[in-house]
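# Tertiary structure, described
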Amino acid sequence: MKSLDTSKRLLSLDVLRGITISFMILVNTPGSWTYVYSPLRHAKWHGCTPTDLVFPFFLFIVGISVWFSFKKYETQLSTVTFFKIIKRTAIIFLIGLFLNLYPFFNFSEVRIMGVLQRIALAYGVGAIMCLSLNRRGLLIALFAILLGYWGVMGFGAEDLVSLENNRVRSLDLWLLGEQHIYKGFGIPFDPEGILSAIPSVGTVIIGFFIGQILSVNSAVVSKIRKLIVVGTIMVILGLIWGVWFPINKPIWTSSYVLYTAGIGCGFLAVLIFIIDYKGFRKWTVPFVHFGMNPLFIFVISGLYVKTMSYLIHVNDKVVGEKVSGYKYLFEHIFSPLAGPMNGSLLFALVHILVFWFVCYFLYKRKIFIKI
């Protein structure tokens, strides 16, 4: 039977990372937020759409990568590995803060938390725990994180998982202040809040365990079966737990951790089956390009959107005033070409292609920017 050679770079993991980053660009770069198909929107509060899988998938991949990247250090915490983790955590967090500040650098109202900040904290705490604890200790820590977070959030008290009254929001308001919190929900509430960073560490730990499964010398079919079994169990547990602690991305509930990690296992199993077992690899090339510089492309795409939205303005003769370059592109090129809804989708797809060219350029020159 075929075995999965984990001594080489795991192609399936790079492809999963590339698919995740390209989908991030898709959902973050519509032509207009007024015209977005429902699967490409986040759930309004409780629930999980395909878009709500993107972020946990990335942290799931981070956990797997922690296992493989620290194997040469025998996956042990040492002075060397500790400072590597702290350095990378600080760099990612500061880049996220810079992205929030750009382009006006208004420190008095800057949002402190964000996607990169969440990645930094989940990676930093998760990696230190994964390298410090043995398998049993790490499993106990995972259960403690998920159950403890449920307890902190109120053990199923429905009012305490509402937008207005959840403890994630309360802590952020107390520590950061209203002026430094995301306002996209209509009230100050940050979906990448401080308290909800704790269960996101659980997503990284689960990914680390999956990395261990993938590194065992066994047949590909055996790995696929394990991923499907583990993934199915987590999805079922997540759905059951969701009855009392609803599946919810903005507050990153414990049920959401299990549910999304379970789907991540299943999706990775499908990729391993297609790529490593069946050998269908040609289609993966663009995603491999994305997967080589994922965080760099995420940052570049964010800077691009903000530059086009806030710094570049074009005279719009139709409305008789200047509009942002972002809005002008959508309303004068993509919307007339395909209509508002499909034009908004086409806008995002074209931008995926544009950023793929950037990835391709870097890949061909063997430029891999580690953030």
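Residues numbered from 1 in each chain as written. Predicted model: local features only at pLDDT ≥ 70, side-chain atom pairs only at ≥ 80, totals over all residues. Heavy atoms only, no water.

### Description of the overall build of the protein chain
Looking only at helices and strands, the protein chain features 13 helices and 2 strands. Scaling as 2.2 N^0.38, a compact globule of 371 residues should have a C-alpha radius of gyration of about 21 Å, and the protein chain matches this with 21 Å. The contacts of the protein chain with a sequence gap of at least 6 include a subset with a gap of at least 24, amounting to 70%. The centroid of the 33 positive side-chain charges in the protein chain is displaced by 15 Å from the centroid of its 16 negative side-chain charges. (Helix = DSSP H or I, 4+ residues; strand = E, 2+ residues; numbered from the N terminus. Rg over C-alpha atoms; globule rule 2.2 N^0.38 Å. Contact = heavy atoms within 4.5 Å. Lys, Arg positive; Asp, Glu negative; His and termini not counted. Charge placed at Lys NZ, Arg CZ, Asp CG, Glu CD.)

### Notes on the packing of helix α1 (residues 11-28) against helix α13 (residues 340-364)
A pair of packed helices is characterised by two quantities: the angle between their axes and the separation of those axes. At their nearest, the axes of α1 and α13 sit 8 Å apart, and the two run at 140° to each other. It follows from the interaxial angle that α1 and α13 lie oblique. The crossing of α1 and α13 is right-handed. Contacts from Ser-22, Ile-25 and Leu-26 of α1 reach α13 at Leu-345, Ala-348, Leu-349, His-351, Ile-352 and Phe-355. Tallied by class, the residues present in the contact of α1 with α13 amount to 7 nonpolar, 2 polar and no charged. (Axes fitted to C-alpha atoms, helices over the stretch in contact; angles between N-to-C directions. Parallel < 35°, antiparallel > 145°, perpendicular 65-115°, else oblique. Left-handed = near helix turned anticlockwise from the far one by under 90°. Nonpolar A, V, L, I, M, F, W, Y, C, P; charged D, E, K, R; others polar.)

### Some remarks on the nonpolar core
Counting residues in each nonpolar core, the largest one holds 96 residues, and the members touching the most others are Phe-60, Ile-205, Ile-206, Ile-210, Leu-268 and Phe-290. Within the second largest apolar cluster, 5 residues are counted, among which are Met-308, Tyr-326, Phe-330 and Phe-334. (Core = buried A, V, L, I, M, F, W, Y, C linked by side-chain atoms within 4.5 Å. Buried < 20%, exposed > 50% of the residue type's maximum accessible area, 1.4 Å probe, protein only.)

### Some words on the environment of Trp-33
With respect to the secondary-structure elements, Trp-33 resides in the loop between α1 and α2 (54-69). Overall, the relative accessible area of 51% leaves Trp-33 in the exposed class. When the C-alpha positions of Trp-33 and Gly-264 are compared, they lie 27 Å apart, and in sequence the two are 231 residues distant. In contact with Trp-33, not counting residues within four places along its chain, are Val-27, Asn-28 and Arg-41.

### A word on the packing of helix α3 (residues 79-101) against helix α4 (residues 115-132)
Relative to each other, α3 and α4 sit at 170°, their axes nearing to 7 Å. With respect to their mutual orientation, α3 and α4 come out roughly antiparallel. The residue makeup of the contact of α3 with α4, split by class, is 16 nonpolar, 6 polar and 1 charged.

### Concerning the environment of Phe-23
By secondary structure assignment, the location of Phe-23 is in helix α1. The spacing of Phe-23 and Pro-50 is 27 residues in sequence and 9.5 Å in space, taken between C-alpha atoms. Filtering out sequence-adjacent residues up to four positions away, Phe-23 remains in contact with Leu-40, Pro-50, Thr-51 and Val-54.

### Things to note about a positive patch on the surface
On the surface, Lys-72, Lys-84, Lys-87, Arg-88 and Lys-370 cluster together into a patch of positive charge. Within the secondary structure layout, Lys-370 lies in the segment after α13. For Lys-370, a relative accessible area of 81% corresponds to the exposed category. (Patch = residues over 30% accessible without salt bridge, like charges linked within 9 Å, V, L, I, M, F, W, Y side chains within 5 Å. Areas by Shrake-Rupley, 256 points an atom, 1.4 Å probe, with all protein chains shown as cover. Salt bridge = Lys/Arg side-chain N within 4 Å of Asp/Glu carboxyl O.)

### Observations concerning α2
Look at α2: 22 Å from first C-alpha to last across 16 residues, which is about the 22 Å you get at 1.5 Å a residue. Judged by how many residues are buried, α2 sits mostly within the fold: 13 of 16 residues are covered. (Expected span 1.5 Å × (residues − 1).)

### Some thoughts on a nonpolar patch on the surface
A cluster of nonpolar side chains, Leu-77, Phe-82, Phe-83 and Ile-86, forms an exposed patch at the surface whose accessible area comes to about 340 Å². The residue Phe-82 is located in helix α3 in this model. Assessed through its relative accessible area of 32%, Phe-82 is described here as partly exposed.

### Focus: empty space enclosed by the protein
Using the criterion set out here, one finds 1 cavity of 30 Å³ or more in the structure. By volume, the largest cavity is sized at about 60 Å³. Lining the largest cavity are Leu-26, Pro-30, Tyr-35, Val-36, Tyr-37, Leu-40, Met-341, Ser-344, Leu-345 and Ala-348. Among the elements that take part in the lining of the largest cavity, α13 stands out by supplying 4 residues, more than any other. In terms of residue class, the lining of the largest cavity is made up of 9 nonpolar, 1 polar and no charged. (1 Å grid on protein atoms, 1.4 Å probe; cavity = no way out; pocket = protein on both sides within 12 Å on 5 of 7 lines; lining within 4 Å. Points joined across faces, edges and corners; volume = space filled by probe spheres on them.)

### Observations regarding the packing of aromatic side chains
Within a pair of aromatic rings, the relevant descriptors are the distance that separates the centres and the angle that separates the planes. According to the stated counting rule, one finds 26 aromatic pairs in the structure shown. Taking the centre distance of 5.1 Å and the plane angle of 75° together, the rings of Phe-334 and Phe-347 count as edge-to-face. Of this pair, Phe-334 sits in helix α12 (residues 325-338) while Phe-347 is found in helix α13, placing the two residues 13 residues apart along the sequence. Measuring from ring centre to ring centre gives 4.9 Å for Trp-356 and Phe-357, while their planes differ by 55°; the resulting arrangement is tilted. Residue Trp-356 is classed as buried on the basis of its relative accessible area of 19%. Exposure remark for Phe-357: the relative accessible area of 48% places this residue in the partly exposed category. Aromatic ring contacts, followed pair by pair, group Trp-45, Tyr-182, Phe-185 and Phe-189 into a single cluster. Sitting over the face of the ring of Tyr-123, Arg-88 holds its NZ or CZ atom 5.1 Å from the ring centroid. (Phe/Tyr/Trp six-rings, centres within 6.5 Å; stacked < 30°, edge-to-face > 60°. Lys NZ or Arg CZ within 6 Å of the ring centre and 35° of its normal.)

### Quick look at the pattern of salt bridges
Within the structure shown, the criterion is met by 5 salt bridges. Across the salt bridge formed by Glu-192 and Arg-111, the nearest N and O atoms sit 2.6 Å from each other. On the criterion of sequence distance, the pair formed by Glu-192 in the loop between α6 (167-175) and α7 (197-215) and Arg-111 in the loop between α3 and α4 is long-range, its members being 81 residues apart. Owing to a relative accessible area of 5%, Glu-192 belongs among the buried residues under this scheme. In this structure Arg-111 comes out as buried when scored by relative accessible area, which is 18%. Members of the salt-bridge network, linked through shared partners, are Arg-111, Asp-190, Glu-192 and Lys-249.

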